[in-house]
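# Overview (structure and organization)
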Amino acid sequence: MSTTDAAVRRHRAGAAAPPPKPIHAEHHALPAAGFLAPFLLLYLLFIIGPALYGLLMSFFDTSLVRPGLGSFAGFGNYAEALQSSDFWSSLWHTVWFTILTTPPLIVVAFGLALLADRVRYGRWFFRLAFFAPYILPSAVVALIWIFIYTPGLGLLETALGKIGITSPNWLGDPNWAMPSLAITTLWWTLGFNFVLYLAGLQEIPRDLYEASSMDGATPLQQIRRITIPMLGRTTTLVAVLQVIASLKVFDQMYIMTSGGPNFATRSILELVYDEGFTNFRTGYAAALSMLFFIVVLAVSAVWFALVRRQEKEV
Amino acid sequence: MTPLSRRTLLRGALGAVAGVGLAGCSAPVISGLSTGHEKAGSLDYWNLFGGGDGVRMTQMLDTFRAANPQISLSAVTLAWGNPYYTKLSLATLGDKPPDVAISHLTRMKTLVASNLLEELHLDDLARYGITPDKLSSTAWQAGLVDGKAYAIPLDTHPFVMFYNTDICQKAGLLDTAGQLIALDSPEKFTDAMQKAKAVTNAYGGVVSINGDTATPWRIFQSLYSQLGGQTLADDGTKVVIDDAKATQVLTFLQSLTSGGLFPADIDYQGAIATFANGQAGFYFQGEWEISTYQTAKLPFSMTLFPNLYGGSTYAVQADSHTLVIPKQPNDDAARLDRSLLLIKSMLDQSKTWAEGGHVPTWLPFRDSAEYKALTPQSNYAAAADGAVYDPPGWYSGSGSNFEIVTGSAIATVLGAQQSPADALAQMRDQLTHLSTTASPI
C-alpha cells in the first residue's frame, strides 16, 4: 500500500519532487526479529555458546570425568599441541587428504557434468546414478567400501586379480590407506559437485557456442575458452566447499581405519576425538580444535578474498 | 459469521498438530530434559557384546525377561572399545546412566577413580546370594579398590588357540587320544605351522592384523608375559619395557608372517573367514569366536594358547568382563534391587555364557561336573589362573589408548611394514609420552 501510494504522489507532484525515501523497516522490524529469534536462540545456545566455552576450556586442564574447568593451564595446552608430533602429523594427514580429494572431485565432476549435459536420452538416469551415492550416510558408505577393500576376499582385489593386477593391502598398508579413503570419498561426494556443475552448464547461453563454432572453434577450444571461464564462479564455490569439507573429514577415518594403520590416516578431528574422549583430556582437545579453527579461518579468508574479487569483476 | 479463511484453517491445523505432537512426545521430552528414568519397573542394561557372545547374552537376557515379566528390561549393545566407554562415562556424568553395565576389569579401576561407579555393599549382594566365596578369587580380588567392591566378575576371557581337527589329523599333529600335541617351544610351534600349511596349501595359522589393534597386542602380550616382561609400572607413570624380551617376541612374530606361515595382510573378519574356510589350520583369538565356528559346523577344537616361553609358569593375556552399577543420580532402593536381580540372573546363567566360550568366575558352576563336560570350553579353563591383565593406568585397559598404541606398533611388525627395533622404539616413545602426561582423572 505504501509503495504505490508514494509513487503516485511523487508522479503527481512532478519532477521537482524530492527523491523517494527508502522503504524503512520500521513496520517490519518486529516481525523480522520474531522470525529470526528461534534460529538465533538455537544458534547461540548450540554453536556460539559452546564455541566460546571451548575457547575458555582450552586454557584449562579440563577433564571429561571431573566437573568444572579444572586447573588453569594458560597457554600450556597450546604449547603442548604445537610441540606434539601427533598434532603436526594429523594436520599433515588432513592436508594430504584434501590434496588427494579436491582436484579429482573438481575435475571428474566437471567432466561427468559435461558428458551428462550432452547426453540426449536418459539424462535423468545419469543424474540419478552420479548423485545417488551422495545421499547415503557415511557409515553405510564406509561399510560398503570396507567390504570392497577387504584383503583376500574383497571385490576390488578379486576384480583386479582377474585382469592380472595384484592389488596392494588397501586399508592395511600405510602408503595405500589414505588413497583408498580418498577413492571412497570421491565415489561418495562426487554427486554434489556434479549437480552444481550441471546447473552451471545449463546457464551458459547456447548462442555463445553457436557463435564460436561459426568462427571455427573446435569443441576442445569451446570448452577451454567458453565453458570453463563461464563456470568460474561455480568452480570457486565447489573448490572452497570441497576444501573446507575435506579439512573436516572424520567419518571415513574413524569407521574404516580407526586412524590406522599405525596412525597413518588419523585426521586432525580424529585426534581431537582421541584426546578429548578416549584420553578424557577435553581441555587439551579444545586447544587442538582452536588451532584447527585458525587453519579453517585462514582458508575461508582466502575464499572471501577470491569471491570479493569475482564479485567486483561482474 | 465470517467464512473460514485459509489463514484461520492453517492456524488451527498447526495448533492441532503442535498439540498432538507435544502430547505424544511429552513423556520422552520430559524424561529427556529431566534426570532419572522413564517409568517404574524399568531396567537399563548396557553391554558391548557383538558377534558370537552377543548371541549368548541375548539368550540370557531373554531368559531373565521370561522369569521376571514385571520388569521391563531394555538392553543396549554398543560397539566394543572406546565408543562404549566414552558413552558410558558421558551418560553417567550427565546423570542418565544405565542401571547395570558391563565393564572390563582393566577399565573398571579408571571408572572407580573417576567416581563413576556405585560401591557394591556386601550385605546387599548377600541378599541375592552373591558372596565373595562363590566368585573366582583372582577376579574378585583384582576388582577390589581399597577393600571395597565395585564390580562382580562374570567371566575371564583369555587369548586361546583354535585348531581345525581335520587338518591337524592330516598333518599328524594329534596324539593317540585325538588331542593336539604340546607346542611348548618356538621350534615345535613353527614346525606345526609348517605341517598345517602343507595340508592346507595356503597358511598354517592366521591372526587378525589390519584395522585391529587389540589382537596384535594380545598375541604379543601373551608371549611377552611368558618371558616375564612388564610394560608399565607405578600406575602407568613409568614405562618398563624390557627391550631384549620384546625384540625376541617381535622377531618371532615377524618370522611367522614373513615366512608365509601366517597371512601378513588380513583383518578381523578375514581371519575368521580364513580359518572357517579351512585355509589355515590354526586361529589365534579370544575364545568368544567359538559360537561363530560352531554355527559354521567346522570340525575344530580349542586349547590353551601355547606355552612357548613360560616353562613351568603359564601366562596368557586375558581380561574379565564384570557387571557394574554406574553412579545413579538418586537413591532408589527398588532400582538397586532390580539391578542386583539382573546381576544374579547373569551369574546363574553362567552355563549359557560359558557355552559362548568364556571361562566362568561363578564357582558353583565352574566347579561343577557340567562345566567339565562342556568341551572344548573347559579345555582352557586353566588360562584363568595364568591370566595376565593389562597394567593399571589411567590410559590403559581393554580398548584404551595403551592398547591402540602398542597394538598399532605390533601390527606393523606382523604386517612386515616395520622392523621390530623401529616398532619397539615407536611404542616406547608413544607410551613415554602418555606416561608423562598428567592424569585427567
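Right, let's talk about the interface of chain B and chain A for a bit. At the interface, 25 residues of chain B touch 23 residues of chain A. Sorting the residues of the side of chain B that touches chain A by element identifies helix H4 (82–93), helix H12 (268–276) and helix H18 (401–414) of chain B as the ones contributing at least two each. Here the side of chain B that touches chain A gets five residues from one element, more than from any other, and that element is H18 of chain B.

A cis amide bond links Gly 260 of chain A to the next residue, Pro 261 of chain A, at an omega of -5°. Relative to the helices and strands, Pro 261 of chain A is located in the loop between helix H12 (251–257) and helix H13 (268–278). Look at Phe 263 of chain A: it is not a glycine, yet its phi comes out positive at around 65°. Considering the arrangement of structural elements, one finds Phe 263 of chain A in the loop between H12 and H13. Positive phi values are uncommon outside glycine, yet Asp 95 of chain B reaches one of about 60°. You can see Asp 95 of chain B is positioned in the loop between H4 and strand S3 (100–104).

With that settled, the discussion passes to the environment of Tyr 209 of chain A. Residue and element names in this part refer to chain A. Tracing the backbone through its elements, the reader meets Tyr 209 in helix H9 (residues 206–214). Overall, the presence of 15 C-beta atoms within 10 Å leaves Tyr 209 in the partly exposed class. Separated by ten residues in sequence, Tyr 209 and Pro 219 place their C-alpha atoms 9.1 Å apart. If near-sequence neighbours (up to four positions away) are discounted, Tyr 209 is found in contact with Gln 222 and Ile 226.

All names here are of chain B. In the sheet, strand S1 (residues 42–47) pairs with strand S2 (residues 72–77) via six bridges, with the strands oriented parallel. Residue Leu 43 lies in a different strand from S2, and its bridge partner there is Leu 73. Between the parallel pair S1 and S2, the chain is carried across by helix H3 (residues 51–67), and the sense of this crossover is right-handed.

On to the packing of helix H10 (residues 214–226) of chain B against H18 of chain B, then. All names here are of chain B. The interhelical angle for the contact between H10 and H18, taken along N-to-C directions, is 80°, at an axis separation of 7 Å. When the axes of H10 and H18 are compared, the pair comes out roughly perpendicular. The residues of H18 that touch H10, namely those facing Ala 214, Pro 216, Trp 217 and Phe 220, are Glu 403, Thr 406, Gly 407, Ile 410, Ala 411 and Leu 414. Its residues assigned to classes, the contact of H10 with H18 shows seven nonpolar, two polar and one charged.

All names here are of chain B. An ideal rise of 1.5 Å per residue puts 20 Å on 14 residues; H18 measures up with 20 Å between its terminal C-alpha atoms. With respect to burial, H18 is a largely interior element, 14 of its 14 residues being buried. Just downstream of H18 lies Ala 416, where phi reads positive at about 60°.

Before going further, it helps to examine the domain arrangement of chain B. All names here are of chain B. Looking at the assigned domains, one finds that chain B contains domain 1 (37–157 + 320–373) and domain 2 (159–317 + 385–436). On a C-alpha basis, the centres of domain 1 and domain 2 stand 28 Å from each other. On the side of domain 2, 18 residues touch domain 1, which itself brings 22 residues to the contact. Those elements that place two or more of their residues in the side of domain 1 that touches domain 2 are H3, H4, helix H5 (105–113), helix H7 (137–142) and strand S6 (151–164).

The next thing to look at is the packing of helix H4 (residues 85–118) of chain A against helix H8 (residues 174–203) of chain A. Residue and element names in this part refer to chain A. Interaxial distance between H4 and H8 falls to 6 Å at its minimum, and their mutual angle equals 40°. In terms of orientation, H4 lies oblique with respect to H8. The two elements H4 and H8 meet at a crossing, and its hand is right-handed. The class makeup of the residues in the contact of H4 with H8 is 23 nonpolar, five polar and one charged.

Scoring rules and cut-offs
Residues numbered from 1 in each chain as written. Chains lettered and ligands numbered in written order. Predicted model: local features only at pLDDT ≥ 70, side-chain atom pairs only at ≥ 80, totals over all residues. Contact = placed C-beta atoms within 7 Å. Helix = DSSP H or I, 4+ residues; strand = E, 2+ residues; numbered from the N terminus. Buried ≥ 20, exposed ≤ 12 C-beta atoms within 10 Å, placed from the backbone. Pairing = 2+ DSSP bridges. Right-handed = clockwise from strand over helix to strand, strands pointing away. Axes fitted to C-alpha atoms, helices over the stretch in contact; angles between N-to-C directions. Parallel < 35°, antiparallel > 145°, perpendicular 65-115°, else oblique. Nonpolar A, V, L, I, M, F, W, Y, C, P; charged D, E, K, R; others polar. Expected span 1.5 Å × (residues − 1). Domains from an automatic or database assignment. Left-handed = near helix turned anticlockwise from the far one by under 90°.

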